[in-house]
Each structure stands twice: as C-alpha cells, then as structure tokens.
Amino acid sequence: MRHQHLFENPGISTRLIMFIILFIFSISASRANSVDIQALFNEGVINYKNGNFDQAKLKFMTLVSAPKPNSRITISYLMLAKTYINLNDYQDAENYAANIIREYPDSRYRADAHFVIAVSEYHLGDAKEAVKNFALAVEFAQNADLASKCELYASQIVQHEISSSNLQEIYNSYPWDKARPLFTLWLVRAYYADGKKEE
C-alpha cells in the first residue's frame, strides 16, 4: 500500500503552512510589542525621576495611545497624570487620572488616581472636591502611607477652608467606610467651631 505523502494534497498543505506561519508571526509580534511597551515605560519613568517631564509626558502619552490590550495602560495613565501635576497642568492631570476611575474602576491605582484629582482640584480652587477625593483615596488605598498622607492633607483643608455645611454635603455624597471615622472627627470639630462662633 502506498502511503500518502504530506504534500500530495497541495490545498491542505498550503493552508496548514500558512496557518503555522501566521501563528508564529502573531506570537513574535505580541512578544515584540510587550518588550517595546516595557522599554517605553521604563524610559518614561527614568525621564520622570530625572525631572525631564516634557520627555516623560511624550513617553506616557504614547503608551496610553497604544493599542489594547496594553499591560502598562493603567500605570501609564497614572504616571501621565502625575507628570502633568509636575508641569502645573492640573486640568489635564485630573482628566487622565479620571480615566483610570472611569475605565478601570477595579484598578489597584484607583486610590492614587483620587489623590491626583484631589491635588489638582485644590490647585484649581475647589477645596470641597479636593477633600472629597482625598477621602476617596483613603477609601481605596491599599497602603497605609498613601492613606495617612491623604488624611493629613484633607484635615488641613477641612480645618481652614471647608464649612460644616459643605463637609456634611461631602459626607452625604458617598457611603463611606474607611473614611467614616475621619468625617465623624471633622464634623464634630466643625460643629464645635460653629458653636464657638455663635457665642
């Protein structure tokens, strides 16, 4: 009995070979893309740490514009927002940080995004929104250092720039958990201060 040779049916063999080639190419392209993204992110971080914020902005802007899926998309949004903070462009900083919350609500960088928004809002003149976002950063913080920093900044703003009525509005705007004790303390102090003013 004559054995059929693999290439006796040119239609099947050609399709098989093309499939294998395309499969290998897609894997190679995916790996190359991953390496390029990581290299670009590293360059952005180096520029950021060295204070070259204009160059860092270009790197992170390229990353957030890259095709998805992108393994560095959320951290790139955060680094881009932080870069804009250092460039004193608080509106763009807030916009890019808000992208994390809107598009990736379960991201581990959500607390950092709220922190950036809080800093931006304060510089843009909205102390009330700044306090709210510092408190939201406390809600989502996964490390104690960030939570403590947010608590400190928010407490300073509450003490000097937020009325008791505005503070109550912030408290009523969200079902607070981790930040609830802060609001209890702030409100007690605020109503006590109001009482002292009326005496």
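Our structure's up above, just so we're on the same page.
Residues numbered from 1 in each chain as written. Predicted model: local features only at pLDDT ≥ 70, side-chain atom pairs only at ≥ 80, totals over all residues. Heavy atoms only, no water.

Student: Account for the layout of surface pockets, naming residues and giving values.
Tutor: A volume near 240 Å³ is recorded for the largest pocket. Taken together, 13 residues line the largest pocket, and the ones lying closest to its centre are V158, Q159, I162, R189 and A190. Put simply, the parts of the chain that give the lining of the largest pocket at least two residues each are helix 7 (144-161), helix 8 (164-172) and helix 9 (180-198). For the lining of the largest pocket, the per-class residue count stands at six nonpolar, four polar and three charged. Y48, K82, I85, N86, D112, F115, V116, V119, D145, L146 and K149 together form the lining of the second largest pocket. Mapped onto the lining of the second largest pocket, the elements with two or more residues apiece are helix 3 (73-86), helix 5 (110-123) and helix 7. Considering every element that reaches the lining of the second largest pocket, the biggest residue donor is helix 5, with four residues. Residues belonging to the lining of the second largest pocket are distributed by class as follows: six nonpolar, one polar and four charged. (1 Å grid on protein atoms, 1.4 Å probe; cavity = no way out; pocket = protein on both sides within 12 Å on 5 of 7 lines; lining within 4 Å. Points joined across faces, edges and corners; volume = space filled by probe spheres on them. Helix = DSSP H or I, 4+ residues; strand = E, 2+ residues; numbered from the N terminus. Nonpolar A, V, L, I, M, F, W, Y, C, P; charged D, E, K, R; others polar.)

Student: Summarise the packing of helix 4 (residues 90-103) against helix 5; cite the residues concerned and give the values.
Tutor: For the pair helix 4 and helix 5, interaxial distance at closest approach is 8 Å and the crossing angle is 155 degrees. On the basis of the axis angle, helix 4 is roughly antiparallel to helix 5. Crossing geometry of helix 4 relative to helix 5 is assigned as left-handed. Seen from helix 4, the contacting residues are Y90, A93, E94, A97, A98, I100 and I101; seen from helix 5, they are R110, A113, H114, V116, I117, S120, E121 and H123. In the contact of helix 4 with helix 5, the residues fall into nine nonpolar, three polar and three charged. (Axes fitted to C-alpha atoms, helices over the stretch in contact; angles between N-to-C directions. Parallel < 35°, antiparallel > 145°, perpendicular 65-115°, else oblique. Left-handed = near helix turned anticlockwise from the far one by under 90°. Contact = heavy atoms within 4.5 Å.)

Student: Run through the side chain of T83, naming residues and quoting values.
Tutor: Secondary-structure assignment places T83 in helix 3. In this view, T83 contacts Y48, F53, A56, K57 and F60; residues no more than four positions away in its chain are not counted.

Student: Just give me the short version of the packing of aromatic side chains, but keep the residues and values in it.
Tutor: Summed over all chains, the structure comprises eleven aromatic pairs. Measuring from centroid to centroid gives 5.7 Å for F134 and Y153, while their planes differ by 65 degrees, and the two rings are edge-to-face. Taken together, the residues F134 in helix 6 (residues 127-140) and Y153 in helix 7 connect sequence positions 19 residues apart. Overall, Y153 belongs to the partly exposed group, its relative accessible area being 34%. Feature note: the residues Y171, Y174, W176, F183 and W186 constitute an aromatic cluster, connected by ring pairs. Note that R72 overlies the ring of F41, its terminal NZ or CZ placed 4.8 Å from the centroid. (Phe/Tyr/Trp six-rings, centres within 6.5 Å; stacked < 30°, edge-to-face > 60°. Buried < 20%, exposed > 50% of the residue type's maximum accessible area, 1.4 Å probe, protein only. Lys NZ or Arg CZ within 6 Å of the ring centre and 35° of its normal.)

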